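A look at the structure
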Amino acid sequence: MNNAVRFTLGVDDIPKRWYNIAADSPVPIPPPLNPGTNQPIKPEEMEAIFPRNLIEQEMCQDRYVDIPEEVRDAYIMLNRPSPLVRAVRLEKALKTPAKIFYKREDLSPCGSHKPNTAIAQAYYNMVAGTEHITTETGAGQWGSALALACSVFNMSCKVFMVRVSYDGKPYRRYVMQVYGADVYPSPSPETKYGRTLLEKDPNNPGSLGIAISEAIEMAVTTPNTKYSLGSVLNHVMLHQTVIGQELLTQLEMADVVPDYMIGCVGGGSNFAGFSFPLLGQKIKGKVDTEFIGVEPTSVPSLTEGDYRYDFGDTAGMTPLLKMYTLGHEFIPSPIHAGGLRYHGMAPSVSLFKDLGLVKSVTVDQIDTFSAGIQWALAEGVIPAPETTHAIRVAIDLALEAKRKNEEKIIVFNFSGHGLLDLVGYDKYLSGQMK
Ligand SMILES: *Cc1c(COP(=O)(O)O)cnc(C)c1O
């Protein structure tokens, strides 16, 4: 093992290809179904909302997909390759013999991993002639990533932001607006669906499901306009593997093989991108690593959901996806880790859970914030509330290694920083958190 604290790669080391785990999956990842016919969706049926090149990627079976030069160039702006860092100060504070490593996805301009796919999706849309991209956002992490990406490739970005967040969490709205996006509080008067809802209740607080429906309606009814999704779909997982591709090189530099690979899971994209390249090696029997997805106790889709076909949105407008789901009408409680409030899980991550290749655990909100503060005191960066879920489990495993006096190698994905989510920390510190 190499005792260095930080493993950095140069700009030339930005991966040249994404890894597509579909090629190595022991059984095929179940395809999306048309809810009308219960038959696999035909590519043409998706062309109203996605450009053809991304639909092809969604169904692609090739092991590797070349990353276009323009996307690699933009990845430089995202601070790629991101460093792999050893949390030596936390190890010391815990007095653990375990070695804790983290991959820093908080260093992008938006502070999370989400621009890795936003840049790629905007690029492919630009190539396909798209002029406007619509999307939904809750607290704004995905909206701000896509707004940045659209500004890079000169397209307009229309974001439907859940109204309670639009009013109550305005900072990421400002970020989107700085990047030139049009941000609408959802439900909005911009769409037929939004107008119907507003007629019934002008104070409708909105939901992610409503915002998706509005974004899809606008994409379908406006010329040269497509829709974009920030997690769950295969092509999103594919783009995020830029994280795990870099990581394979960095693990070699560090001369370690992880005992544990940990990530928080909302729709599954940061966990998938971080872990799929190594999971591919586990499938081939080359490593014996344990892969752990961490979710909130209040949204336990992977841990307690059913594995079945369900809608991706609340209104039931999307194709059916085979996934671990709490049911598309499930309304998650308003926890601070907004990015983890999703009723389902990516079909790929769901399949690997079903096959026993991936495990999942749940953690309570209070315990995640205490881990976040322990982390900030030891390592400096204030983690996103989502990221604290992974940190909680990393700390717990490091403490278990201490009890057993084992030198375990623990690697987790630091999906984002929490500097725009400080209200949660305030609630925790002032004893108001439940
Ligand atoms: C959105 C988000 C997540 C959850 O989304 P996934 O698709 O599961 O990765 C996790 N961490 C941060 C910082 C996020 O912004």
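Chains are numbered independently. Their residues run from 1 in the order of the written sequence. For this predicted model, a pLDDT threshold of at least 70 governs which residues receive local features, and a threshold of 80 or more governs which side-chain atom pairs are given and counted, while totals over whole chains, interfaces and linings are taken from all residues. Hydrogens are left out, water is left out, and the side-chain values use all remaining heavy atoms of the structure.

Things to note about the packing of helix α4 (residues 115-127) against helix α10 (residues 234-254)
Packing of α4 against α10 leaves a shortest axis separation of 8 Å and a crossing angle of 125°. Overall, the two elements α4 and α10 adopt an arrangement that is oblique. In the crossing of α4 with α10, the sense of the turn from one axis to the other is right-handed. Residues N116, T117, A120, Q121 and Y124 of α4 pack against H235, V236, H239, Q240, V242 and I243 of α10. Here the term charged refers only to Asp, Glu, Lys and Arg, the term nonpolar to Ala, Val, Leu, Ile, Met, Phe, Trp, Tyr, Cys and Pro, and the term polar to all other amino acids, Gly among them. Taken together, the residues of the contact of α4 with α10 sort by class into five nonpolar, six polar and no charged. Fitting a line to C-alpha atoms yields each axis, with helices limited to the stretch in contact; the angle taken between N-to-C directions then spans 0 to 180 degrees. Numbering goes from the N terminus for both helices and strands, where a helix is a DSSP run of H or I of at least four residues and a strand is a run of E of at least two. Working rule for angles: under 35 degrees goes down as roughly parallel, over 145 as roughly antiparallel, 65 to 115 as roughly perpendicular, anything else as oblique. Less than a right angle of anticlockwise turn of the near helix away from the far helix marks a crossing as left-handed, whereas a clockwise turn marks it as right-handed. We call two residues contacting when some pair of their heavy atoms lies within 4.5 Å.

With respect to the site of the ligand
In the vicinity of the ligand, 18 residues are found, and the nearest of them are K114, S231, G266, S269 and N270. N or O atoms closer than or at 3.5 Å make up a polar contact, with two conditions inside protein: a donor-capable atom paired with an acceptor-capable one, and, for residues adjacent in sequence, both atoms drawn from side chains. In the environment of the ligand, an oxygen atom lies 2.8 Å from a nitrogen or oxygen atom belonging to the backbone of G268. Taking N270, its side chain carries an N or O atom lying 2.8 Å from an oxygen atom of the ligand. Considered class by class, the residues forming the shell around the ligand number four nonpolar, twelve polar and two charged. Whether a residue is near a molecule or strand is decided by its heavy atoms; if any one of them lies within 4 Å of it, the residue is near.

Observations concerning empty space enclosed by the protein
Grid spacing is 1 Å over the protein atoms alone, the probe is 1.4 Å, and a cavity is where that probe fits but cannot get out, while a pocket is an open set with protein on both sides within 12 Å along at least five of seven lines and lining residues have an atom within 4 Å of a point. Grid points are joined across faces, edges and corners, and a volume is the space filled by probe spheres set on the points. Applying the stated criterion to the full structure yields one cavity of 30 Å³ or more. As a volume, the largest cavity reaches approximately 40 Å³. Lining the largest cavity are L78, N79, R80, S82, R104, E105, L107, S108 and N116. Here the lining of the largest cavity is composed, by residue class, of two nonpolar, four polar and three charged.

Comments concerning the state of the cysteines
Disulfide: a pair of cysteine sulfur atoms within 2.5 Å of each other. In the structure shown here, the tally under the stated rule is zero disulfides. Here C150 is not cross-linked by a disulfide; its sulfur's nearest cysteine counterpart is in C157, at 4.1 Å. The closest cysteine sulfur to the non-disulfide-bonded C264 is located on C110, 16 Å from its own sulfur. Three labels apply to residues, based on accessible area from a 1.4 Å probe with only protein chains included: buried if under 20% of the type maximum, exposed if over 50%, partly exposed otherwise in between. Taking relative accessible area as the criterion, C264 reaches 1% and is therefore assigned buried.

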